[in-house]
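Given next are the chains, with one letter for each unit.
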Amino acid sequence: MFIGGAYIRLSVALALMSVTLSMTSAYGQSPANPPGSPDNDVAAAQGTQFSKPEKKFLPEKPRPIDLEQEVATVMADNAAVREQLRKMEEQQRTLLELVDQLQRRLEGSTVADVPRPAQAPGPAETAETPVPSTTATKAVLPLASVTPLTQRSSPAEAGEVSVPLMTAAQPQSFSTLQAIENRYQDGIIIWETPENAKVPFLLRFQGTTQVRYLNTLDSNATFTDHLGVTQDVHKRNDITVNRSMTVFGGYIFDKRAPYSFTVWTSAGASSIVVAGNIGWQFSKALTLTGGYTGVPGSRSLVGTFPFFTANDRTMADNFFRPGFTQGVWASGQLVKGLNYLAFLGNGLNTLSITANKIDTNLLVSGSLWWEPLGDYGPPGRSRNMYDDYFSSRKVRIRLGTSFTRSRENRFSDLDQSSPENTSIYNSDGVQAFATGAFAPGVTLQDATYKMSAIDYGIKWNGLAVNGQYFMRWLNDFVADGPLPLASTFDHGGEFSASYFVKPKKLMPYVRASWVRGQFANPYEYGAGLRWYYLPTERLWLNLEVFHINGAPYSGTFTPYTAGLTGWVPMVQGYIAF
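Residues numbered from 1 in each chain as written. Predicted model: local features only at pLDDT ≥ 70, side-chain atom pairs only at ≥ 80, totals over all residues. Heavy atoms only, no water.

*Asks:* Explain the overall build of the protein chain residue by residue, including any values.
*Replies:* In terms of helices and strands, the protein chain carries six helices and 21 strands. Split into buried and exposed, the 577 residues of the protein chain put 43% on the buried side. Working note: accessible area of the protein chain is about 28,700 Å², and carbon and sulfur atoms make up 63% of it. (Helix = DSSP H or I, 4+ residues; strand = E, 2+ residues; numbered from the N terminus. Buried < 20%, exposed > 50% of the residue type's maximum accessible area, 1.4 Å probe, protein only. Areas by Shrake-Rupley, 256 points an atom, 1.4 Å probe, with all protein chains shown as cover.)

See below:
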């Protein structure tokens, strides 16, 4: 590389020397006069005088018109020489700049240090300094310093773009447009500092919104629990902004110090939660984080929301799974393909409960999953998505397991002020801590909840099959009266299959879930069609109809209400950028 650069510099230097010498020789002499001109006659007369001094004579007196012409000619020639010398100097300076640029390119550097006009600080800068060139030479110019640094797979994403060097100024809008386009990196990059910034930070904006039409009018008006008590079924026919989440996150002071601020709302549940997380990444195998999160007792609570097969979690998942709370957790990849999340928190559902009302019992939960044939999805929010939007050319497999244990108190478990809280229910659709859930007039005060789950997934070439099996135990009861049993055991599962009949466009799917419980055996089955009307997995329209028999669970933000039996149509729109 160095020899090539030296050769080019030597060649150009020799060429410059030749041009300079020839031009200097040509214009450094006195201007020539045509033969027979008056000037030549004068020169000849003068030469005769000096060569033959013995002959004395007086030269003819010059005519005024001849002198004026001579002076004018000399002045014009001198001006032409000065102009030519000025042009040569400019050409030489230009050629030297070009040689310097070529040398830096050959030595592996860029022309990023070519001076550019000063600009006002802003999210995007422009490379508009013209660089002279007589060839189609290209140079690599850096984009704005806010170009995202994460998950880059191409020169454009890495903050560089190959553009031709032109003798005219580059349009300002080109580099500005490139910088704006590169701001979308798994969310919108509001700002990111350069690599050598004194205080590094990244601010990314992400949003999720779900708009849903739900109709449960086909259901029976009432249901009967295992004690023979008739309960009302809450029917619905409404359009709601079911979920809307805004997340600001990134890193601050150090790339190993992630943070996030979340505003989490459900118009259907008329609730708002403001949450935050801070953490520290020790290595790829260990990141410690504190704040709000989902308890990792189910696959759907470990980085999959909202990329399920259907838009909502299944009936069985909502019945068995824990909820959301505050706590600390460790996560990472132990070895290639083996991931984990271990969590210590306040309880199953304490998202909106004040600290002075939370009991003193702590929850433990964890999830472990193995992807032996490679990542289940590409990096980003949709990495754990259930379907195969990206049409994997190789088979992808996921095998996972989860476990959760929590000592639950009646007061905290009955709270429903947060959008994702899931109280403990019996399989017949009655809250476990409600009066009369196990015996007439008797109220359960405390119980120990234990839940284990096993999940699997396989995807290939647009086809995806996913499932999960749940087991839940409730025991160690404390009640204000005698109970007819000391514990309960419920188990069940979920299954879904989807296929892209038109890659990245149309995906029909089928799904089912069921519960085999202590007091009832509810189930559901349904089918749907997902339409990605833009070329992205982050925006879609979903149509679904399912049949349910005796829903064991109620949740305002879900399509399920306790005792629901009948056909349920839904139309939903989703954006998750």
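*Asks:* So what about the pattern of salt bridges? Which residues, and what values?
*Replies:* Pairing between side chains of opposite charge can happen when the charged atoms of each approach one another. Within this structure, the stated rule accounts for 16 salt bridges. Here Glu524 ties to Arg511 by a salt bridge, and the two come within 3.0 Å at their closest N and O atoms. Placement of Glu524 in strand S19 (residues 523-531) and of Arg511 in strand S18 (residues 506-516) is noted, with a sequence separation of 13 residues between them. On the basis of relative accessible area, Arg511 is assigned to the buried category, the value being 6%. (Salt bridge = Lys/Arg side-chain N within 4 Å of Asp/Glu carboxyl O.)

*Asks:* Break down the packing of aromatic side chains for me, with residues and values.
*Replies:* Scanning all chains against the criterion turns up 23 aromatic pairs. A ring pair is formed by Phe205 and Phe577, whose centres lie 5.3 Å apart and whose planes are at 65°; its orientation type is edge-to-face. With Phe205 in strand S4 (residues 201-215) and Phe577 in the segment after strand S21 (565-576), the pair connects residues that are 372 residues apart, well separated along the chain. Between the aromatic rings of Phe438 and Phe519, the centroid separation amounts to 6.2 Å while the plane-to-plane angle is 65°, which identifies the pairing as edge-to-face. Of this pair, Phe438 sits in the loop between helix H6 (410-414) and strand S15 (444-460) while Phe519 sits in the loop between S18 and S19; the two residues are 81 residues apart in sequence, bridging distant segments of the chain. According to the relative accessible area criterion, Phe438 is buried, its value standing at 4%. Its guanidinium or amino end placed over the ring of Tyr386, Arg299 lies 4.1 Å from that ring's centre, counting from NZ or CZ. Against the face of Phe546 rests Arg511, its NZ or CZ located 5.1 Å from the ring centre. (Phe/Tyr/Trp six-rings, centres within 6.5 Å; stacked < 30°, edge-to-face > 60°. Lys NZ or Arg CZ within 6 Å of the ring centre and 35° of its normal.)

*Asks:* A description of unusual backbone geometry should follow, citing residues and the corresponding values.
*Replies:* For the peptide bond that leads from Phe305 to Pro306, omega is 0°, which places it in the cis range. Within the element layout of this structure, Pro306 appears in the loop between strand S10 (286-294) and helix H5 (315-320). Positive phi values are uncommon outside glycine, yet Asp186 reaches one of about 55°. In this structure, Asp186 sits in the loop between helix H4 (172-181) and strand S3 (188-192). For Phe253, which is not a glycine, the phi torsion comes out positive at approximately 70°. Locating Phe253 in the fold gives a position in the loop between strand S7 (237-252) and strand S8 (254-266).

*Asks:* Please provide a residue-by-residue account of a nonpolar patch on the surface, values included.
*Replies:* A contiguous nonpolar surface patch, about 490 Å² in accessible area, is contributed by Val211, Tyr213, Ile239, Val241, Leu543 and Val571. Contributing elements (two or more residues each) for the nonpolar patch: S4 and S7. Structurally, the position occupied by Val211 is in strand S4. On the basis of relative accessibility, which here comes to 38%, the residue Val211 falls in the partly exposed class. (Patch = residues over 30% accessible without salt bridge, like charges linked within 9 Å, V, L, I, M, F, W, Y side chains within 5 Å.)

*Asks:* Pulling in residues and values, what's your account of the side chain of Arg381?
*Replies:* Relative to the assigned elements, Arg381 resides in the loop between strand S13 (363-370) and strand S14 (396-409). Asp186 is the oppositely charged side chain nearest to the buried, salt-bridge-free Arg381, at an N-O distance of 5.6 Å. Among the polar contacts made by the side chain of Arg381, one reaches the main-chain carbonyl oxygen of Phe577 at a distance of 2.9 Å. Setting aside chain neighbours within four positions, we find Arg381 in contact with Asp186, Gln206, Gly207, Thr208, Gly303, Phe305, Pro306, Phe307, Arg538, Ala576 and Phe577. (Lys, Arg positive; Asp, Glu negative; His and termini not counted. Polar contact = N/O pair within 3.5 Å; in protein donor to acceptor, adjacent residues only side chain to side chain. Contact = heavy atoms within 4.5 Å.)

*Asks:* Now, about the environment of Gly492: what can you tell me, with residues and values included?
*Replies:* The topology assignment puts Gly492 in strand S17 (residues 488-499). We classify Gly492 as buried; its relative accessible area is 0%. As for Gly492 and Pro522, which are separated by 30 residues in sequence, their C-alpha atoms are 9.6 Å apart. Residues within four places of Gly492 in sequence aside, it is in contact with Phe320, Gln468, Tyr469, Phe470, Trp514, Val515 and Arg516.

*Asks:* So what's going on with the side chain of Arg383? Residues and values would help.
*Replies:* Topologically, Arg383 is positioned in the loop between S13 and S14. Assessed through its relative accessible area of 17%, Arg383 is described here as buried. A distance of 2.9 Å separates polar atoms of two side chains, one belonging to Arg383 and the other to Asp375. Only 3.2 Å separates the side chain of Arg383 from the side chain of Asn384, close enough to count as a polar contact. Dropping the residues within four chain positions of it, Arg383 is found in contact with Glu371, Asp375, Tyr376, Gly377 and Pro378.

*Asks:* With reference to specific residues and values, describe the nonpolar core.
*Replies:* With 42 residues, the main nonpolar core has Ile424, Phe438 and Ile548 as its most contacted residues. Contributions of two or more residues to this core are made by H5, strand S12 (338-345), S13, S15, strand S16 (463-479), strand S20 (539-549) and S21. Among the elements that line this core, the one with the most residues is S15, at five residues. With near-sequence residues (within four places) excluded, Ile548 lies in contact with Met315, Tyr523, Glu524, Tyr560, Leu564, Thr565 and Gly566. One finds Val273, Phe307, Ala310 and Ala576 within the second-largest nonpolar core, a separate group that totals 22 residues. (Core = buried A, V, L, I, M, F, W, Y, C linked by side-chain atoms within 4.5 Å.)

*Asks:* I'd like to hear about the pairing of S19, residue by residue, with values.
*Replies:* Alternating residues of S19 divide into Glu524, Gly526, Gly528 and Arg530, all buried, and Tyr523, Tyr525, Ala527, Leu529 and Trp531, none buried. Bridging between S18 and S19 involves nine bridges; their strand directions are antiparallel. Paired with Met507 across the bridge in S19 is Arg530. Where S18 folds back onto S19 in an antiparallel hairpin, the turn is made up of six residues. (Pairing = 2+ DSSP bridges.)

*Asks:* How would you summarise the pairing of S16 if you had to cite specific residues and measurements?
*Replies:* Two elements, S15 and S16, share 15 bridges in a ladder whose sense is antiparallel. Bridge pairing in S16 links Trp460 to Leu463. What sits between S15 and S16 in their antiparallel hairpin is a turn of two residues, with Asn461 showing a positive phi close to 55°. Across 12 bridges, the pairing between S16 and S17 is antiparallel. Residue pairing for S17: Ala464 is matched across the bridge by Ser498.

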